[in-house]
Amino acid sequence: GVLAMMAIPTFTSYIYKGRVTEATTFLGEIKQRQESYRSEFGQYCANNATWGTYNPATIPGSDPVMWTSTAEWTQLGAAPDGPTRFQYGLIAGAPGVSAPSETNLDDDDYWFAARAQGDLDGDSTSFFLEIYSQSTHIYNSATATGGWQ
């Protein structure tokens with residue numbers, strides 16, 4: 001009994017860390033594809049004024065769902081390897097276009113941000129991860145306000 005009480009929270013923590021790996025891996029792929037896209041076309045993919053359409057349309061919760069690609073994601077050439085536990089969004093802009101304030105991106109150059117949001121334990125509390133064109137780090141936040149490294 002006591003041993004199980006100690007092991008279950010530790011095991012649950014490992015499960016959540018494993019689930020977050022999906023988002024960090026896919027955000028890294030998004031960054032690589034965005035940089036390739038900019039190299040070829042001179043700007044980042046998904047030039048829009050908002051976070052665009054999240055994919056999948058709703059946050060999956062604790063059970064993964066299949067990815068249905070949209071025109072934006074097809075243009076970028078990015079898709080997760082299998083069912084996903086996170087919802088993903090993109091935003092990008094040209095010089096002079098204001099980036100979302102919480103990203104702290106310099107809008108004197110082309111920029112992009114990608115966000116993963118998920119509810120890993122089904123408690124209706126979202127967890128956010130973000131990656132930006134002007135950083136090599138993935139940031140996490142409970143509130144999607146820029147987060148921390």
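Above this text is the structure in question.
**Considerations on the overall build of the chain**
Line of reasoning, step 1. Looking only at helices and strands, the chain has 2 helices and 4 strands in total.
Line of reasoning, step 2. Ordered by position in the sequence, the α and β elements of the chain form the string α-α-β-β-β-β.
Line of reasoning, step 3. Long-range pairs, those at least 24 residues apart, make up 55% of the contacts in the chain with a sequence separation of at least 6.
Line of reasoning, step 4. Total accessible area on the chain is roughly 7,900 Å²; 55% of this is exposed by carbon and sulfur atoms.

**Some details on the sheet that holds strand 3 (residues 127–132)**
Line of reasoning, step 1. Taken together, the 4 strands give an open sheet; going across it, the order is 1-2-3-4, and neighbouring strands pair in antiparallel fashion. Strand pairing shows two members of the sheet lacking a second neighbour, strand 1 (86–93) and strand 4 (138–141), which therefore form its edges. With direction set aside, neighbouring strand axes in the sheet form an average angle of 20°.
Line of reasoning, step 2. As defined by bridge partners, strand 2 (residues 111–118) adjoins strand 3 across 6 bridges and the pair is classed as antiparallel. Each residue of the ladder has a partner; that of alanine 114, found in strand 3, is isoleucine 131.

**What to know about the environment of tyrosine 139**
Line of reasoning, step 1. Examined against the element boundaries, tyrosine 139 turns out to sit in strand 4.
Line of reasoning, step 2. For tyrosine 139, the side chain forms a polar contact with the side chain of serine 135, separated by 3.1 Å.

**Quick word on the nonpolar core**
As a rule of thumb, soluble globular proteins bury nonpolar side chains together.
Line of reasoning, step 1. Membership of the largest hydrophobic core comes to 23 residues, with the highest contact counts inside it found for Leu27, Ile30, Trp73, Leu76 and Tyr88.
Line of reasoning, step 2. Elements with a contribution of two residues or more to this core: helix 1 (2–41), helix 2 (71–76), strand 1, strand 2 and strand 3.
Line of reasoning, step 3. Top contributing element to this core by residue count: helix 1, with 6 residues.
Line of reasoning, step 4. Every residue in contact with leucine 27, bar those within four places of it in the chain, is listed here: Tyr88, Ala114, Arg115, Ala116, Leu129, Glu130, Ile131 and Ile138.
Line of reasoning, step 5. Core analysis: the second largest hydrophobic core is formed by 9 residues, Tyr54, Ile91, Ala113 and Tyr139 among them.

**Describing the environment of proline 95**
Line of reasoning, step 1. Relative to the helices and strands, proline 95 resides in the loop between strand 1 and strand 2.
Line of reasoning, step 2. Each C-alpha atom of the pair proline 95 and aspartate 107 lies 5.4 Å from the other, and the pair is 12 residues apart in sequence.
Line of reasoning, step 3. Those residues within four positions of proline 95 in sequence are excluded, and the remaining contacts are Asp107, Asp108, Asp109 and Tyr110.

**A few points about unusual backbone geometry**
It is generally the case that most residues other than glycine have a negative phi and that most peptide bonds are trans.
Line of reasoning, step 1. In this chain, asparagine 55 is followed by proline 56 through a cis amide linkage whose omega measures -10°.
Line of reasoning, step 2. For proline 56, the position within the fold is in the loop between helix 1 and helix 2.
Line of reasoning, step 3. With phi around 60°, asparagine 104 is a residue other than glycine that occupies positive phi space.
Line of reasoning, step 4. Take asparagine 104: it is sitting in the loop between strand 1 and strand 2.
Line of reasoning, step 5. Its identity as a non-glycine residue notwithstanding, serine 124 has a phi of 70°, on the positive side.
Line of reasoning, step 6. Considering the arrangement of structural elements, one finds serine 124 in the loop between strand 2 and strand 3.
Line of reasoning, step 7. The class of serine 124 is exposed, set by a relative accessible area of 68%.

Rules used throughout
- Residues numbered from 1 in each chain as written.
- Predicted model: local features only at pLDDT ≥ 70, side-chain atom pairs only at ≥ 80, totals over all residues.
- Heavy atoms only, no water.
- Helix = DSSP H or I, 4+ residues; strand = E, 2+ residues; numbered from the N terminus.
- Contact = heavy atoms within 4.5 Å.
- Areas by Shrake-Rupley, 256 points an atom, 1.4 Å probe, with all protein chains shown as cover.
- Pairing = 2+ DSSP bridges.
- Axes fitted to C-alpha atoms, helices over the stretch in contact; angles between N-to-C directions.
- Polar contact = N/O pair within 3.5 Å; in protein donor to acceptor, adjacent residues only side chain to side chain.
- Core = buried A, V, L, I, M, F, W, Y, C linked by side-chain atoms within 4.5 Å.
- Buried < 20%, exposed > 50% of the residue type's maximum accessible area, 1.4 Å probe, protein only.

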